[in-house]
Amino acid sequence: MNRISEPFLQRLAARVGLGSPLHKLRGGVHPEGRKDLSADPPIRVLPLPERLFVPMQQHIGAPARHLVSVGETVKKGQLLAASQGMVSAPVHAPTSGRISAIGDFPGPHPSGLQMPTLTLEADGNETWFEADIPADPFALSPEEVATRVGAAGIVGLGGAAFPAAVKLHLSRRSEVRTLIMNGGECEPYLTCDDRLMRERAQQIVEGIRLIAHATGASKILVGIEDNKPEAIAAMQAAAKATVVQVIAVPAMYPMGSEKQMIQVLTGQEVPAGGRAADIGVLVHNVGTAYAVQQALCLGRPLVSRIVTVSGGAIMAPCNLEAPIGALAADLVRACGGLRIDAARLVLGGPMMGTQLSNLDVPLVKGSSGVLALTSAEVEQTRPGPCIRCSSCVRACPMGLLPLEMAARIRVGDPAGAVDWGLKDCIACGSCSYVCPSHIPLVHYFNHAKGDLAARERLKMKNEATKKLADERSERMARIVREREEAARLRAAKKAAADAAKKAVAVAAAAAAKEKELA
Amino acid sequence: MIAALLSLTLLGLALGLGLGYAAIRLKVEGNPLVEELEAMLPGSQCGQCGFPGCTGAAMALAEGSAPITLCPPGGRPLIEALAAKLGVEADISALADSGPQVAEVLEDLCIGCTKCYKVCPTDAIMGAAKQIHMVFREACTACGKCVDVCPTEATRMIPLPATLQTWYWSKPEVAA
Ligand code: SF4
Ligand code: SF4
Ligand code: SF4
Ligand code: SF4
């Protein structure tokens, strides 16, 4: 069932009442959804933890630079750290309280490396920072909307955490026509977007219209997987009488990936190595639209998000609205704790999320889920040799040959893998998921991408150090030259002085002689 | 007056043209391969290859009298690049790849003698007399010269620590 059958598509199109049928997709897999675990209970607010750990790097790009010092009291929503560089995002206080420490803390990163983090002791009052709220956000200029989105620290909430304002500014410059809102949520277990759309559709639609206003996009499509009928109904009701079109798309992994969502809704393919903006499309996650609405209409920067806490090992899976910086352990505790020992802890979805070694890791803006999976839910089989069954080829949504790429990387030839299209791999993990030999294909690709980037960095470093070495040799040569010059000058001066002395002596002698003669 | 101007201009032109022609006609050919190879080498002139500097190493490489594994600071990427350039097979297996390295100054041991500072070919060491010195990792080529000169063994080589910006997944274990 890799290809979506035509009649099915038409049925689907008829069901959601739209003229344009959906477009075909390549590859994809159908992992067990397990969304029922957490989809039913309404979103609860996480009881405020005593301490929050706010990392300075929660987004793709340069880390934010902190502006507060230890001991300072801050209000909720106050700017804690400013963005630096072109691609970056500021960080705001997730609650009111006192900054008790600034230092390195284990972060939600697969390396387990520590990252610069502010520790905030909550005072429990949740006093908001005074913000200026525009009377009518739609009266603001598109640039102003994008700038405010940036100032509110909003990043892509689907997982990649790319600064939203950077995308908005870029889209306006490249004259994006189509805005696609991604409500795919194709990762198993995750239901945070589902719940958000069911409960806060009105706000999402308003956020979508604000994003459209900021970019000038005229066509607005919201793609939601058809395994979320309640969310589709809620969004359609909220979008009635607006230009926003809500479209059901077939449930499959990785439908929620930007490139796949574009293809299924518009039939257009993002060119290899290119960006969505190149074909006039901008994609944002529905959660991001909600954050935009909160920022523009209520003056609230991004300081909390909806997180799915789920997995077979969680006592009572559900969705929590949690402040940024709460520990994964706080969330698990709020869901009744662990039922049994977890075989794997994941931040994000099971396919693309980050594996955690323990739960004492803070939540960041891009964290969509905290999963505690049992050994029955995770396969832990030793990889075997490739049997060239080509399952991975059929599964790959990008039309790549994972087995060929992995073979190149295995023998230490990542450049060879690039020839097979490594740069187009979106690291979705569909290939690893279907491989009967349990080969960690996507792990190979992640490794090779990092390896290539490291080589690139080394090349740049070599160029830089070479320049330094050249400058140094030049400087050394100059110093030698200057010394010689100085020595020569000294010698010349001495010679001149000697000559003068001599001349004086000669003159004196001559004078004496003259006197004698006289 | 005009005659003087004219004759001087003409003279200048004639001499200039003559010189230009001679420069093209009588040019001493540098070996382009040596130049290209030199451009690939780290350029820190550290001498670890046993040649007086990167130019000497490039000349030996062009002649084929030196192995392409000669340059420790260049590491594996350089070997691979040289292998591709010179069309020879690299025997990397013999080379234990210790990964990228950098120098580090142990603060407790440094007496601030400035020896390392003076010898570093890329100005990667910062410090002044009687002060603890430190290494700029971005500029250090891991040539090891500072380790050789330090009187108190305060400098040493360590594997370049990974940062959030540089960390990446290790290679999966190969199937049994
Ligand atoms: S799915 Fe696995 S075993 Fe089959 S061809 Fe791909 S890598 Fe080989
Ligand atoms: S991880 Fe890469 S190669 Fe594997 S299926 Fe996804 S896009 Fe294709
Ligand atoms: S710091 Fe030491 S190892 Fe690094 S480049 Fe300078 S002298 Fe060489
Ligand atoms: S050579 Fe050794 S003791 Fe001297 S300044 Fe360098 S590190 Fe310090």
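Residues numbered from 1 in each chain as written. Chains lettered and ligands numbered in written order. Predicted model: local features only at pLDDT ≥ 70, side-chain atom pairs only at ≥ 80, totals over all residues. Heavy atoms only, no water.

When helices and strands are tallied, chain A shows 15 helices and 17 strands. In terms of overall dimensions, chain A is more spread out than a globule: its C-alpha atoms have a radius of gyration of 32 Å, far above the 24 Å expected for 518 residues. Counting only C-alpha atoms, chain A reaches 135 × 60 × 50 Å along its principal axes. A burial count over chain A gives 50% of its 518 residues as buried. Considering only contacts within chain A whose residues lie at least 6 apart along the sequence, 72% involve residues at least 24 apart. Working note: accessible area of chain A is about 23,400 Å², and carbon and sulfur atoms make up 54% of it. (Helix = DSSP H or I, 4+ residues; strand = E, 2+ residues; numbered from the N terminus. Rg over C-alpha atoms; globule rule 2.2 N^0.38 Å. Buried < 20%, exposed > 50% of the residue type's maximum accessible area, 1.4 Å probe, protein only. Contact = heavy atoms within 4.5 Å. Areas by Shrake-Rupley, 256 points an atom, 1.4 Å probe, with all protein chains shown as cover.)

Another point: the sheet that holds strand S7 (residues 97-106) of chain A. Residue and element names in this part refer to chain A. Judged by pairing direction, the sheet is antiparallel, and its 4 strands sit side by side in the order S2-S8-S7-S4 without closing on themselves. The open sheet is flanked by strand S2 (51-55) and strand S4 (73-74), the only strands paired with a single partner. As paired elements, S7 and strand S8 (residues 114-122) share 9 bridges and run antiparallel to each other. Along S8, the bridge assignment pairs alanine 101 with threonine 119. (Pairing = 2+ DSSP bridges.)

This part covers the site of ligand 3. Taken together, the neighbourhood of ligand 3 is formed by 13 residues, with Cys120(B), Cys140(B), Cys143(B), Gly144(B) and Cys146(B) sitting nearest. Considering only residue class, the shell around ligand 3 consists of 9 nonpolar, 3 polar and 1 charged. (Near = heavy atom within 4 Å. Nonpolar A, V, L, I, M, F, W, Y, C, P; charged D, E, K, R; others polar.)

On to the site of ligand 2. Residues and elements named next belong to chain A. For ligand 2, the set of nearby residues contains 14 residues, the closest of which are Cys396, Cys425, Cys428, Gly429 and Cys431. Secondary-structure elements contributing two or more residues to the shell around ligand 2 are helix H12 (402-410), helix H14 (430-434) and helix H15 (441-517). Per-class residue counts for the shell around ligand 2 are 12 nonpolar, 2 polar and no charged.

What follows concerns the domain arrangement of chain A. Residues and elements named next belong to chain A. According to the domain assignment, chain A contains domain 1 (1-30 + 132-300), domain 2 (45-129 + 302-380) and domain 3 (382-518). For domain 1 versus domain 3, the distance between C-alpha centres works out to 43 Å. Residue-level contacts link 13 residues of domain 1 with 12 residues of domain 3. Broken down residue by residue, the surface that domain 1 buries against domain 3 is led by Arg26, Val29 and Lys259, which jointly contribute 41%. (Domains from an automatic or database assignment. Buried area = accessible area lost by both parts, 1.4 Å probe.)

Residue and element names in this part refer to chain A. Ranked by size, the top nonpolar core spans 52 residues in total, and within it Ile154, Leu179, Ile204, Ile208, Val222 and Met235 carry the most contacts. Per-domain counts for this core show at least three residues from each of domain 1 (1-30 + 132-300) and domain 2 (45-129 + 302-380). Apart from residues no more than four positions distant in its own chain, isoleucine 208 is found in contact with Leu179, Met181, Ile220, Val222, Met235, Val244 and Ala289. Ranked by size, the runner-up nonpolar core spans 35 residues in total, among them Leu80, Leu120, Ala313 and Ile314. (Core = buried A, V, L, I, M, F, W, Y, C linked by side-chain atoms within 4.5 Å.)

To continue, consider the packing of helix H5 (residues 192-199) of chain A against helix H9 (residues 286-298) of chain A. The packing of two helices is summarised by the inter-axis angle and the distance between the axes. All names here are of chain A. Relative to each other, H5 and H9 sit at 50 degrees, their axes nearing to 9 Å. The orientation of H5 relative to H9 falls into the category oblique. As for the relative orientation of H5 and H9, their crossing is left-handed in sense. From H5, Asp193, Leu196 and Met197 reach across to H9, where they touch Val286, Gly287 and Tyr290. Residues of the contact of H5 with H9, tallied by class, amount to 4 nonpolar, 1 polar and 1 charged. (Axes fitted to C-alpha atoms, helices over the stretch in contact; angles between N-to-C directions. Parallel < 35°, antiparallel > 145°, perpendicular 65-115°, else oblique. Left-handed = near helix turned anticlockwise from the far one by under 90°.)

The next thing to look at is the packing of aromatic side chains. Residue and element names in this part refer to chain A. Taken as a whole and judged by the stated rule, the model has 2 aromatic pairs over all chains. An angle of 10 degrees between the planes, with centres 4.3 Å apart, marks the rings of phenylalanine 53 and phenylalanine 105 as stacked. Linking phenylalanine 53 in strand S2 with phenylalanine 105 in strand S7, this pair joins segments that are 52 residues apart in sequence. For the pair shown, phenylalanine 53 and phenylalanine 105 are each scored as buried. (Phe/Tyr/Trp six-rings, centres within 6.5 Å; stacked < 30°, edge-to-face > 60°.)

Moving on, we get to the pattern of salt bridges. Residue and element names in this part refer to chain A. Counted under the stated rule, the structure contains 23 salt bridges over all chains. Of the charged contacts, one joins arginine 172 and glutamate 143 as a salt bridge, the two residues approaching to 3.6 Å between their closest N and O atoms. Taken together, the residues span a long stretch of sequence, with arginine 172 in helix H4 (residues 164-173) and glutamate 143 in helix H3 (residues 142-151) at a distance of 29 residues. Across the pair arginine 195 and glutamate 199 runs a salt bridge, and its minimum N-O distance is 3.0 Å. Here the residue arginine 195 and the residue glutamate 199 both occupy positions in helix H5, the gap between them amounting to 4 residues, near one helical turn. Assessed through its relative accessible area of 7%, arginine 195 is described here as buried. (Salt bridge = Lys/Arg side-chain N within 4 Å of Asp/Glu carboxyl O.)

On the side of chain A, 35 residues touch chain B, which itself brings 37 residues to the contact. Here chain B packs against chain A, burying approximately 2,900 Å² in sum over the two surfaces, 56% of which is carbon and sulfur. When residues of chain B are sorted by the area they lose upon contact with chain A, Leu164(B), Tyr168(B) and Trp169(B) head the list and together hold 23% of the total. The tally of links from chain B across to chain A stands at 2 salt bridges. For the interface between chain B and chain A, the tally reads 14 residue pairs in polar contact (both at pLDDT 80 or more). Within the side of chain B that touches chain A, the residues separate by chemical class into 21 nonpolar, 8 polar and 8 charged. (Polar contact = N/O pair within 3.5 Å; in protein donor to acceptor, adjacent residues only side chain to side chain.)

With that settled, consider the pairing of strand S11 (residues 244-249) of chain A. Residues and elements named next belong to chain A. Most of S11 is tucked away, with 5 of its 6 residues classed as buried. Two strands pair when backbone bridges link them, and strand S10 (residues 219-225) and S11 are joined in this way by 6 bridges, in the parallel orientation. Its bridge partner lying in S11, valine 222 is registered against valine 246. On the question of chirality, the crossover connecting S10 to the parallel S11 by way of helix H7 (residues 229-239) is right-handed. (Right-handed = clockwise from strand over helix to strand, strands pointing away.)

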